[in-house]
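# Observations on the model geometry
Chain by chain, the residues run as shown.
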Amino acid sequence: MKRHYIPVTANVPGVSDGQKALIRKVIRTALASEGVDFPCEVDVLVTDDAEIHALNRETRQVDHSTDVLSFPAFDLSPGELPGAEDADPGTGLTPLGDMVLSMEHVAAQAREYGHSRRRELAYLVVHSVLHLLGYDHLDEGAEKAQMRAREEEILAELGIGR
């Protein structure tokens, strides 16, 4: 039995099994790197700019598309984890939250930053997992620097560079 349940749903064509496997691998690596050693669930939707735009408008009142949305199940701070009491009694899994990725943004940002789509997809997945675990980057100071450093450390663990 796998330790984490990570369903990846794609509502757009062209999302390969390899990309879904990469998403799962990146999530598992990020969770392990952050000390998540209990069974948990992260739900992933891979979509397009139109769908993520609609979700961004509906949930955040921001009227444009974006690369990734994260919907944490808990209000955590970096380094803080849910407790055993937060596990679903029926499944034994702790639901960490949901992420929504725009494959159109993955492609556009890979071109813009001059790296592969694989690297961009992995970066956005790590970024989202860190949001699910309480990291934020709303300021331009210490919190953002902490989050960026963790992103690069986790990508390095995966062997994914720029």
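Below: a short report on this structure. (Residues numbered from 1 in each chain as written. Predicted model: local features only at pLDDT ≥ 70, side-chain atom pairs only at ≥ 80, totals over all residues. Heavy atoms only, no water.)

### Details of the pattern of salt bridges
The criterion, for reference: One side-chain nitrogen of Lys or Arg within 4 Å of one carboxyl oxygen of Asp or Glu is enough to make a salt bridge. In DSSP terms, a helix is any run of H or I states spanning at least four residues, a strand is any run of E spanning at least two, and both are numbered starting from the N terminus. In this scheme, a residue with accessible area under 20% of its type's maximum is buried, one over 50% is exposed, and one in between is partly exposed, where area comes from a 1.4 Å probe on protein chains only.
Here the structure, examined in full by the defined rule, presents five salt bridges. Put simply, Arg-119 and Glu-152 hold a salt bridge, and the shortest N to O gap is 3.2 Å. With Arg-119 in helix 4 (residues 117-132) and Glu-152 in helix 5 (residues 142-157), the pair connects residues that are 33 residues apart, well separated along the chain. Here Arg-119 falls in the buried class, since its relative accessible area comes to 2%. Judged by relative accessible area, which is 32%, Glu-152 ranks as partly exposed.

### Concerning the side chain of His-105
What counts is decided by this rule: Polar contacts, as used here, are pairs of N or O atoms within 3.5 Å; protein pairs need one atom able to donate a hydrogen and one able to accept it. Residues neighboring in sequence count only if both atoms are side-chain atoms. In what follows, a contact means two residues having at least one pair of non-hydrogen atoms within 4.5 Å.
With respect to the element layout, His-105 can be found in helix 3 (residues 103-113). The class of His-105 is buried, set by a relative accessible area of 17%. Among the polar contacts listed, one links the side chain of His-105 to the side chain of Asp-49, at a separation of 2.7 Å. Contact partners of His-105, with chain neighbours within four places excluded, come to Asp-49, Ser-65, Thr-66 and Asp-67.

### A few points about the environment of Glu-112
Here Glu-112 lies in helix 3. When the C-alpha atoms of Glu-112 and Ala-84 are compared, they prove to be 42 Å apart, with 28 residues separating the residues in sequence.

### Here's the deal with helix 2 (residues 49-60)
Spelled out, the test is: Given the number of residues in a helix, its expected span is that number minus one, multiplied by 1.5 Å. It is the directions from the helix axis to the C-beta atoms that the arc portrays.
Counted at 1.5 Å a residue, the expected span for helix 2 with its 12 residues is 16 Å, and the 15 Å between its end C-alpha atoms agrees. Ile-52, Leu-55 and Asn-56 are the residues of helix 2 that are buried. End-on view of helix 2: buried residues confined to an arc of 100°, all on one side of the axis. Exposed positions of helix 2 whose direction lies more than 90 degrees from the buried face are Ala-50 and Glu-58. In the core, the buried residues of helix 2 are packed alongside strand 3 (40-47), strand 4 (68-72) and strand 5 (94-102). Between a side-chain oxygen at the N-terminus of helix 2 and the backbone nitrogen of Ala-50 the separation is 3.3 Å; the capping residue is Asp-48. Count one or two residues on from helix 2 and you reach Gln-61, which has phi positive near 55°.

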